[in-house]
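Here are the chains, one letter per residue:
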Amino acid sequence: FNTVAVTDIQYQVSGSTVTVNAKVKNTGANEFVGNLRAVAGIQSLVAGQELRKAWEQEQELTFAINEEKIFSFEVPTTNLTAGNYLIGAQIFHNGFEIASRNTDISLLADYSITAFDDNQIFNVGSQSAIKVKVKNIGPVEGQATVKLASGDIVNSTQTTWLKSGE
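Residues numbered from 1 in each chain as written. Predicted model: local features only at pLDDT ≥ 70, side-chain atom pairs only at ≥ 80, totals over all residues. Heavy atoms only, no water.

Working definition: the strands of a sheet are paired by backbone hydrogen bonds and lie parallel or antiparallel to each other. The strand order across the open sheet formed by 3 strands is 1-2-5, and the pairing between neighbours is antiparallel. Either end of the sheet is taken by a strand with one partner, and the two such strands are strand 1 (4-14) and strand 5 (68-76). Averaged over all pairs of adjacent strands, the angle between strand axes in this sheet comes to 20°, irrespective of strand direction. Direction of pairing for strand 1 relative to strand 2 (residues 17-26): antiparallel, over a ladder of 10 bridges. Looking at strand 2, one finds that Asp8 is bridged to Lys23. (Pairing = 2+ DSSP bridges. Helix = DSSP H or I, 4+ residues; strand = E, 2+ residues; numbered from the N terminus. Axes fitted to C-alpha atoms, helices over the stretch in contact; angles between N-to-C directions.)

The final tally for this structure, using the stated rule, is 2 salt bridges. Where Glu58 meets Arg37, a salt bridge forms, and the shortest distance between an N and an O atom there is 3.0 Å. On the criterion of sequence distance, the pair formed by Glu58 in strand 4 (residues 52-63) and Arg37 in strand 3 (residues 32-42) is long-range, its members being 21 residues apart. Where Glu67 meets Lys69, a salt bridge forms, and the shortest distance between an N and an O atom there is 4.0 Å. (Salt bridge = Lys/Arg side-chain N within 4 Å of Asp/Glu carboxyl O.)

Here we take up the packing of aromatic side chains. Taken as a whole, this structure holds 2 aromatic pairs when the rule is applied. An angle of 45° between the planes, with centres 6.5 Å apart, marks the rings of Phe32 and Phe63 as tilted. Of this pair, Phe32 sits in strand 3 while Phe63 is found in strand 4, placing the two residues 31 residues apart along the sequence. As far as the burial class goes, Phe32 and Phe63 line up, both buried. Aromatic rings pair up to connect Phe32, Phe63 and Phe71 into one cluster. The ring of Phe63 carries Lys69 above its face, with NZ or CZ at 5.1 Å from the centroid. (Phe/Tyr/Trp six-rings, centres within 6.5 Å; stacked < 30°, edge-to-face > 60°. Buried < 20%, exposed > 50% of the residue type's maximum accessible area, 1.4 Å probe, protein only. Lys NZ or Arg CZ within 6 Å of the ring centre and 35° of its normal.)

Pasting the structure below:
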């Protein structure tokens, strides 16, 4: 009898990559030969709609009786936007899914102000420009908003879209 179980899924976000580790165990009475498919997709909020796949990878499996292995996959995030995703591992035997496990992951853009000239001198009644450099240090692209406020003198907001690392 060919049975396996996906016993755990862990992930680690580092830079512009999510490393997914799927722990799979042969729980059957025979050697198992099949496929493991790892999928990352945008989670559907509407019942009955299929997962929109953002990334997918498949590899062949062979397990001795009672053997347990950890399979690692690298999911690039450079083309993803900030949001909630579903990461899953599916086991197939003869083309049929026989085991699966999913986990939710939230990917957010993260920003850092990398340059700001705070030693400027302004003359009363004149206009000036203040330059602020912002970098997206998060794993996905997103919208950055910088607000400059100083009492009742200035209240300005600028918004831009930044890719990861930009």
